[in-house]
Every structure is written in structure tokens, then in C-alpha cells.
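Below, each chain spelled out in residue letters.
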Amino acid sequence: MPIKIVCFNKISKEYEILNKFYFNKIQKFTNIEIMEIKEIDYGNVKENQSKNEYNINERILKLKDYEFYLLEINTKQLDSIDFSKIIDRNINEKSGNICFVIGPSDGFSENFKNNYINKISFGKITLPHQLIRIVLLEQIYRAFKIINNQKYHK
Ligand SMILES: C[S@@+](CC[C@H](N)C(=O)[O-])C[C@H]1O[C@@H](n2cnc3c(N)ncnc32)[C@H](O)[C@@H]1O
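The rules behind each value
- Residues numbered from 1 in each chain as written.
- Predicted model: local features only at pLDDT ≥ 70, side-chain atom pairs only at ≥ 80, totals over all residues.
- Heavy atoms only, no water.
- UniProt positions renumbered as here; feature names shortened; annotations may be inferred.
- Near = heavy atom within 4 Å.
- Polar contact = N/O pair within 3.5 Å; in protein donor to acceptor, adjacent residues only side chain to side chain.
- Areas by Shrake-Rupley, 256 points an atom, 1.4 Å probe, with all protein chains shown as cover.
- 1 Å grid on protein atoms, 1.4 Å probe; cavity = no way out; pocket = protein on both sides within 12 Å on 5 of 7 lines; lining within 4 Å.
- Sits in = over half its atoms within 2 Å of the grid points.
- Nonpolar A, V, L, I, M, F, W, Y, C, P; charged D, E, K, R; others polar.
- Phe/Tyr/Trp six-rings, centres within 6.5 Å; stacked < 30°, edge-to-face > 60°.
- Buried < 20%, exposed > 50% of the residue type's maximum accessible area, 1.4 Å probe, protein only.
- Helix = DSSP H or I, 4+ residues; strand = E, 2+ residues; numbered from the N terminus.
- Contact = heavy atoms within 4.5 Å.
- Salt bridge = Lys/Arg side-chain N within 4 Å of Asp/Glu carboxyl O.

- An unreviewed UniProt entry lists the protein chain under the name Ribosomal RNA large subunit methyltransferase H, from Spiroplasma litorale.
- Quoted verbatim from the Catalytic activity (unreviewed entry) field of the UniProt record, the comment on the protein chain reads "pseudouridine(1915) in 23S rRNA + S-adenosyl-L-methionine = N(3)-methylpseudouridine(1915) in 23S rRNA + S-adenosyl-L-homocysteine + H(+)".

Now the structure itself:
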């Protein structure tokens with residue numbers, strides 16, 4: 001599966017339609033899988049982070065030949081063209097696989113972030129993890145439209 005998105009919890013009713021809408025559009029270009037991890041509230045931020053991050057690693061470290069990208073607010077901000085270049089480089093040039101990881105409600109710990117090289121931000125605003133999932137899907141779809149020179153991106 002060339003693109004995987006790792007995120008927390010099942011999509012809620014409010015976002016379901018958009019999730020399906022962009023997911024189906026992306027599937028016209030490539031295969032994509034959304035891997036949902038159940039987020040657990042263990043009682044405090046540090047414990048929530050370390051245990052939920054453990055669950056992320058459990059899922060993604062098994063993936064072979066994937067390049068991982070953490071979604072992170074306070075890191076390099078990308079515009080849609082920069083983002084499309086990441087998709088193009090990985091999927092088309094290297095014929096590689098790419099895995100985007102969205103953090104849980106408390107975000108990632110510094111320790112976890114230090115273990116991953118690639119981090120991308122869609123801006124300085126904090127979006128709920130379900131909404132950033134929709135934004136990410138839309139940007140992946142937009143990236144394929146840009147790469148294929150199809151009318152959409154303005
Ligand atoms: C509710 S946010 C976490 C907020 C937390 N205080 C932090 O600073 O990361 C949940 C996740 O959504 C993603 N996210 C939210 N806004 C984002 C943005 N503007 N750019 C990239 N990722 C974002 C990140 O993966 C984040 O870990």
C-alpha cells in the first residue's frame with residue numbers, strides 16, 4: 001500500500017463524509033490505507049503520550065520500506081506544492097511507500113519526535129486530530145492533481 005495514514009480513533013460521524021469523499025478520490029491515483037489506533041486516556045499527559053506512542057511504534061515499526069512523516073505543528077511548514085513534491089519523490093520517483101503519522105490529542109513527546117527525521121506542519125494553528133486527518137487527505141488528493149497537471153489547484 002503506497003500511502004498509509006496512522007491516526008487515533010475511528011472517524012467520528014461529523015467528519016465521516018469528508019473522510020470518505022477524499023479517500024475515494026485518492027484511490028483513483030493510488031492505494032491508501034488508514035490505520036486507526038484506539039487512543040487511551042491513562043490519566044496524565046506524560047503517561048498518555050508514552051503509552052499511546054508505544055502503540056504507534058508497535059504498529060509502524062513492522063512496516064518495511066516505508067518513509068515516515070510525523071505531522072507536527074511546530075516544525076517546517078509546507079505549502080501544497082512542497083507537499084506534492086514529497087508525494088512525487090516517494091511514490092513516483094522512488095516507487096517507495098510513505099506513512100503519515102498524526103499524533104494523539106496530547107501531541108507527540110519530544111523524545112518520540114527525536115526518533116523520527118521527517119516532520120511536516122500544515123501551519124501554526126492547532127487542529128483536532130480528526131480534522132487534521134481530513135486536511136491531510138485533501139492535501140494528498142491535491143498533490144496528485146498537481147503532479148498529474150490536472151485542474152484543481154489554484
Ligand atoms: C490536537 S493536536 C495535538 C496538540 C498538541 N498540543 C501539540 O502541540 O501537538 C493532535 C495532532 O494533530 C496534528 N496536528 C494538529 N494541527 C496540526 C498542524 N497545524 N500541522 C500539522 N499537524 C497538526 C499533530 O499530529 C498533532 O499531534
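On we go.
A closer look at the site of the ligand
Working step 1: The full set close to the ligand counts 19 residues, and Leu71, Gly103, Phe122, Gly123 and Ile125 are the nearest of them.
Working step 2: Between the ligand and Gly103, the relevant distance is 2.9 Å, taken from an oxygen atom to a main-chain nitrogen or oxygen of the residue.
Working step 3: Backbone polar atom of Gly123 to a nitrogen atom of the ligand: 2.9 Å apart, as the coordinates give it.
Working step 4: When the ligand sits alone it has 560 Å² of accessible area, and the protein chains cover 84% of it.
Working step 5: Counting atoms within 2 Å of the grid points, the majority share of the ligand lands in the largest pocket.
Working step 6: Grouping the amino acids of the shell around the ligand by side-chain chemistry returns 10 nonpolar, seven polar and two charged.

Description of the packing of aromatic side chains
Two numbers describe a pair of aromatic rings. These are the distance of the centres and the angle of the planes.
Working step 1: Evaluated as defined, the whole model comprises 11 aromatic pairs.
Working step 2: On the numbers, 5.0 Å between centres and 80 degrees between planes, the contact of Phe21 with Tyr22 is edge-to-face.
Working step 3: Using a relative accessible area of 42% as the deciding quantity, one classes Phe21 as partly exposed.
Working step 4: Centre to centre, the rings of Tyr141 and Tyr152 are 4.9 Å apart; their planes meet at 65 degrees, and the pair counts as edge-to-face. Within this pair, whereas Tyr141 is found in helix 5 (residues 129-147), its partner Tyr152 is found in the segment after helix 5, the two being separated by 11 residues in sequence.
Working step 5: You can call Tyr141 buried: its relative accessible area is 7%.
Working step 6: Three or more aromatic residues joined by ring pairs form one cluster here, namely Phe21, Tyr22, Phe29, Tyr141, Phe144 and Tyr152.

Quick notes on the environment of Ile73
Working step 1: Along the chain, Ile73 falls in the loop between strand 3 (66-71) and helix 3 (80-93).
Working step 2: Sequence-wise, Ile73 and Thr126 are 53 residues apart; in three dimensions their C-alpha atoms are separated by 6.7 Å.
Working step 3: Leave out the neighbours within four places in its chain, and Ile73 touches Ser121, Gly123, Lys124, Ile125 and Thr126.

Some remarks on the pattern of salt bridges
Working step 1: Evaluation of the coordinates by the stated rule reveals seven salt bridges.
Working step 2: For the salt bridge of Arg133 with Glu36, the shortest nitrogen-to-oxygen distance reads 2.8 Å. In this pair, Arg133 sits in helix 5 while Glu36 sits in strand 2 (residues 32-37), placing the two residues 97 residues apart along the sequence.
Working step 3: For Glu36, a relative accessible area of 28% puts it in the partly exposed group.
Working step 4: Through salt bridges with shared partners, one network takes in Lys10, Glu36 and Arg133.

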